[in-house]
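# Per-entry structural report
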Amino acid sequence: MHAPLDRPPFTLAGCWQGARYTLPLWPSIIVFANAFGAAAVQKGLTLEQAMGLSAFVFAGASQMVALEVWQATWTPATVLAVTTVTAVINARMILMGAAIQPWLAREPLGRNALNLFLLTDANWLIGTRYNAEGGRDVGVLFGAGATLWVIWVAATLPGYLLGSLVPEPKRFGLDLVLPIFFAAMLIPLWKGWRPARPWAVAGLVALAVHALVPGYAFIVAGALAGALAGAILG
Amino acid sequence: MSGISEWIAGPWGAAFAILCMTIATYLCRASGVVLMSHVTITPRVERALRALPGSIVVATILPLALDGGVPAMAGLVAAIVAMSLVRFELAALLAGLGVIALLRAGGL
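Residues numbered from 1 in each chain as written. Chains lettered and ligands numbered in written order. Predicted model: local features only at pLDDT ≥ 70, side-chain atom pairs only at ≥ 80, totals over all residues.

### Re the overall build of chain B
The line we're drawing: Elements are defined by DSSP. Helices are runs of H or I of four residues or more, strands are runs of E of two residues or more, and each kind is numbered from the N terminus. In this setup the radius of gyration rests on C-alpha atoms only. A globule is expected at 2.2 Å times the number of residues raised to 0.38. Neighbour counting defines burial: a residue surrounded by 20 or more other C-beta atoms within 10 Å of its own C-beta is buried, one with 12 or fewer is exposed, and intermediate counts give partly exposed, using backbone-placed C-beta atoms. What counts as a contact is two residues whose backbone-derived C-beta atoms lie within 7 Å of each other.
Secondary structure assignment for chain B yields four helices and zero strands. Over its C-alpha atoms chain B spans a radius of gyration of 22 Å, topping by over 25% the 13 Å that the globule rule assigns to 108 residues. Over its C-alpha atoms, taken along the principal directions, chain B stretches across nearly 60 × 45 × 25 Å. Looking at chain B as a whole, 47% of its 108 residues are labelled buried. For chain B, contacts bridging at least 24 residues in sequence account for 36% of all contacts bridging at least 6.

### Some remarks on the overall build of chain A
In terms of helices and strands, chain A carries 13 helices and zero strands. Going from N to C terminus, chain A has its helices and strands arranged as α-α-α-α-α-α-α-α-α-α-α-α-α. Its C-alpha atoms give chain A principal-axis dimensions of about 50 × 45 × 40 Å. Within chain A, buried positions represent 50% of all 234 residues. Excluding contacts between residues fewer than 6 apart, the proportion of contacts in chain A whose partners are at least 24 apart in sequence is 78%.

### Digging into the interface of chain A and chain B
On the chain B side, the residues contacting the 71 residues of chain A number 63 residues. Among the elements that take part in the side of chain A that touches chain B, helix H6 (residues 92-104) of chain A stands out by supplying eleven residues, more than any other.

### Concerning the environment of Gln63 of chain A
Residues and elements named next belong to chain A. Tracing the backbone shows Gln63 in helix H4 (residues 60-68). C-alpha separation for the pair Gln63 and Gln101, spaced 38 residues apart in sequence, amounts to 26 Å. When residues no more than four places from it in sequence are discounted, the contact partners of Gln63 are Phe36, Leu53, Ser54 and Val57.

### Topic: the packing of helix H3 (residues 47-57) of chain A against helix H9 (residues 139-162) of chain A
Relative orientation and spacing of two packed helices are given, respectively, by the angle between their axes and the distance between those axes. Residues and elements named next belong to chain A. Cut-off, in case you're wondering: Angles run from 0 to 180 degrees between N-to-C directions of axes, and those axes are lines fitted to C-alpha atoms, restricted for helices to the stretch in contact. Angle categories: roughly parallel below 35 degrees, roughly antiparallel above 145, roughly perpendicular from 65 to 115, and oblique for all the rest. In a left-handed crossing the near helix is turned counterclockwise from the far helix by less than a right angle, and in a right-handed crossing that turn is clockwise. Under the scheme applied, nonpolar residues are Ala, Val, Leu, Ile, Met, Phe, Trp, Tyr, Cys and Pro; charged residues are Asp, Glu, Lys and Arg; polar residues are all the others, including Gly.
Between H3 and H9, whose axes approach to 9 Å, the crossing angle comes to 155 degrees. The angle between H3 and H9 places the two elements in the roughly antiparallel class. Seen from above, H3 lies across H9 with right-handed handedness. Residues Leu47, Ala50, Met51, Ser54 and Ala55 of H3 lie in contact with H9, whose contacting residues are Trp152, Val153, Thr156, Leu157 and Tyr160. When its residues are assigned to classes, the contact of H3 with H9 shows eight nonpolar, two polar and no charged.

### Notes on the confidence of the model for chain B
Residues and elements named next belong to chain B. Stated formally: The quantity known as pLDDT measures the predictor's confidence residue by residue, on a range of 0 to 100.
Looking at chain B as a whole, its pLDDT mean stands at 93, while 99% of the residues score no less than 70. Taken element by element, the predicted model of chain B shows its lowest mean pLDDT in helix H1 (residues 2-9) (88) and its highest in helix H2 (residues 13-37) (97). Interface scoring of the predicted complex returns ipTM 0.91; its pTM is 0.89.

### Quick look at the environment of Phe58 of chain A
By the secondary structure assignment, Phe58 of chain A is in the loop between H3 and H4. Among all residues touching Phe58 of chain A, those that are not within four sequence positions of it are Thr120, Trp149 and Trp152 of chain A.

### A word on the packing of H4 of chain A against helix H5 (residues 76-90) of chain A
All names here are of chain A. Taken N-terminus to C-terminus, the directions of H4 and H5 make an angle of 150 degrees; their axes are 9 Å apart at the nearest point. It follows from the interaxial angle that H4 and H5 lie roughly antiparallel. In the packing of H4 onto H5, the handedness of the crossing is right-handed. Touching Ala61, Ser62, Val65 and Ala66 of H4 are Val82, Val85, Thr86, Ile89 and Asn90, all from H5. Counted by class, the contact of H4 with H5 contains six nonpolar, three polar and no charged residues.

### A short note on the nonpolar core
Condition: We call a set of buried Ala, Val, Leu, Ile, Met, Phe, Trp, Tyr and Cys residues a nonpolar core when their C-beta atoms link them within 7 Å.
Ranked by size, the top nonpolar core spans 110 residues in total, and within it Ile180, Phe181 and Ala184 of chain A together with Leu52 and Ala79 of chain B carry the most contacts. Per-element tally for this core: the top contributor is helix H3 (residues 43-86) of chain B, with 19 residues. With sequence-adjacent residues up to four places away left out, Phe181 of chain A is seen in contact with Leu25 and Leu125 of chain A together with Glu89 and Leu93 of chain B.

Okay, structure coming up:
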């Protein structure tokens, strides 16, 4: 048994590079995790439950929404409800995974399984940008994900114990850091007007779904429409 | 069934809920990669995959920008312009945050 020749590299240097790419996002991740910890106290979660959500679910928007339907006493129906809400909000990750699959295709199964546990919006975006510019080191994706995980879990704790450290994150625009980061990423992804036509379809469908359907369904609907448009328009 | 209901209502119910959320989220994280590994990459699929990252980005930010009003829209535009000029994420982030903070401070 030997690694296929076209297996992409996975180096420690790549991991560090991925970790460095997350630096601009640290303030907002810390503030967001902090706010989650503080909100978890108010909803009556124990410290173990709040930390468990951050460590194992590790998906901010779905953790916040889970707090809205959190129960003091659980029933099979309420567990099913919170699981469904979580799956719906995180369904966008299915498409993110699909988009980077060609990059990860030759990775060993165990390493891929761990790497995908750490997949979030931010490290997907970092990896996608790196990959779009020709980078192949899978360590970049892993390093970024692992770094974000450590910060996310660590910053949940002071939020739970001490309350929110930044009382008005909106004043500094910190609620919009991830959309800003996403928007900036359009530049390295830009390959001209023709390849961007599917993006316009994605945007229009997302806006329409957002106007008609509550929740985050607009991301998946818009992205799927964009991929479909790409397949048809070329 | 009542045994399961009683157990879920007990002290382990919350841990069970977290476990279910963890599994659901992990399935979302892993299933796209697993699914695509069973799809033959035809030219059509390749075109769809090529359009996907940008489509995810645009589908995510357009509705959020609209919800955020003028400051959010101006902030995202500032970030895109800054990124196209200097190709450096931190500069784009600071430009976007700066514009949003200024406009919000101005009451928009």
